Amino acid sequence: MKAKRLLIGLVLAVMPIVTMADGKLSNKPLPETISTFLTTHFADIKVAFHKEKNRLSDERYNIHLMNGIDIEMDRNGNWTEIDGHKNALPSSVIPEKIQKFISENYPNQTVFSLDRKDRGRIEVKLSNGWELLFDKNFQLINIDD
């Protein structure tokens, strides 16, 4: 009986979260690559809801976590934007070279958001309000304070 309750609890915990695709509600689950990303980097935070955007050949998912963090991902499970809305992002989602640069140069700051730009650039917003722009090789190319 205990095993049956545990199984029911697990099924309810991993049931597909309601998806909004093109304005219509559906029960489509997130792709496995996205679910794996969320489990790896946000294991303790539940998904509030997610939306699916289909634009011609570009399929994107907007995932809203219970703590207010918003994540936009492509269909392959690559994040395109992670916005903490003044919540610190886990260091595991920050590219290693960027995390090292911030730790060495801004040790008292946390990362509030990451945004992939064109040509492989990544914009990082820090808790002090500064925006750092890194090129595809993770070299700092601009600071906006």
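Before reading on, note that the structure itself is shown above.
Residues numbered from 1 in each chain as written. Predicted model: local features only at pLDDT ≥ 70, side-chain atom pairs only at ≥ 80, totals over all residues. Heavy atoms only, no water.

A. Region of the structure containing the overall build of the protein. In terms of helices and strands, the protein carries three helices and ten strands. Each of the 145 residues in the protein was classed as buried or not, and the buried ones make up 32%. Here the analysis covers contacts within the protein between residues at least 6 apart in sequence; of these, 33% occur between residues at least 24 apart. When the accessible surface of the protein is split by element, carbon and sulfur atoms take 52% of a total near 9,400 Å². (Helix = DSSP H or I, 4+ residues; strand = E, 2+ residues; numbered from the N terminus. Buried < 20%, exposed > 50% of the residue type's maximum accessible area, 1.4 Å probe, protein only. Contact = heavy atoms within 4.5 Å. Areas by Shrake-Rupley, 256 points an atom, 1.4 Å probe, with all protein chains shown as cover.)

B. Broad picture of the nonpolar core. The biggest cluster of nonpolar side chains holds 27 residues, and the ones touching the most others in it are Leu38, Ile63, Ile71, Ile82, Leu114 and Val124. Elements with a contribution of two residues or more to this core: helix H2 (32-41), strand E4 (58-65), strand E5 (70-74), strand E6 (79-83), helix H3 (96-105), strand E7 (111-116), strand E8 (122-126) and strand E9 (131-134). (Core = buried A, V, L, I, M, F, W, Y, C linked by side-chain atoms within 4.5 Å.)

C. Representation of the pattern of salt bridges in the model. Per the counting criterion, the structure on display carries six salt bridges. A salt bridge links Arg119 to Asp118; its shortest N-O distance comes to 3.7 Å. With a relative accessible area of 63%, Arg119 lands in the exposed category. Residue class for Asp118 comes out partly exposed when judged on its relative accessible area of 41%. The shortest N-O distance in the salt bridge between Glu131 and Lys125 comes to 3.9 Å. Taking the relative accessible area as the measure of exposure, Glu131 reaches 24% and is therefore partly exposed. The network of salt bridges with common partners includes Asp118, Arg119 and Arg121. (Salt bridge = Lys/Arg side-chain N within 4 Å of Asp/Glu carboxyl O.)

D. Representation of the pairing of strand E10 (residues 140-144). Pairing of E9 with E10 involves four bridges; the strand directions are antiparallel. Looking across to E10, one finds that Leu132 is bridged to Ile143. Connecting the antiparallel pair E9 and E10 is a turn made up of five residues, with Phe138 showing a positive phi of about 65 degrees. (Pairing = 2+ DSSP bridges.)

E. Representation of the environment of Ile45 in the model. Inspection of the secondary structure assignment puts Ile45 in the loop between H2 and strand E3 (47-55). In sequence terms Ile45 and Ile69 are 24 residues apart; their C-alpha atoms lie 9.5 Å from each other.

F. The arrangement of H2 in detail. For H2, the complete set of buried residues consists of Ile34, Phe37, Leu38 and His41. End-on, the buried residues of H2 take up no more than an arc of 95 degrees, which puts them together on one face. Away from the buried face of H2 by more than 90 degrees, exposed residues Glu32, Thr39 and Thr40 are located. In this structure, the buried residues of H2 make contact with E3, E4, E5 and E6. (Arc of directions from axis to C-beta.)

G. Representation of unusual backbone geometry. The residue Lys86 is not glycine, and still its phi comes out positive at about 75 degrees. Relative to the helices and strands, Lys86 is located in the loop between E6 and H3. Residue classification places Lys86 among the exposed residues on the basis of a relative accessible area of 69%. Of note in this structure, Arg119 is not a glycine but carries a positive phi near 60 degrees.

H. The arrangement of the side chain of Thr80 in detail. With respect to the helices and strands, Thr80 occurs in strand E6. Here Thr80 is in contact with Arg60, Glu72, Met73, Asp74, Leu114, Asp115 and Arg116, once residues within four sequence places are set aside.

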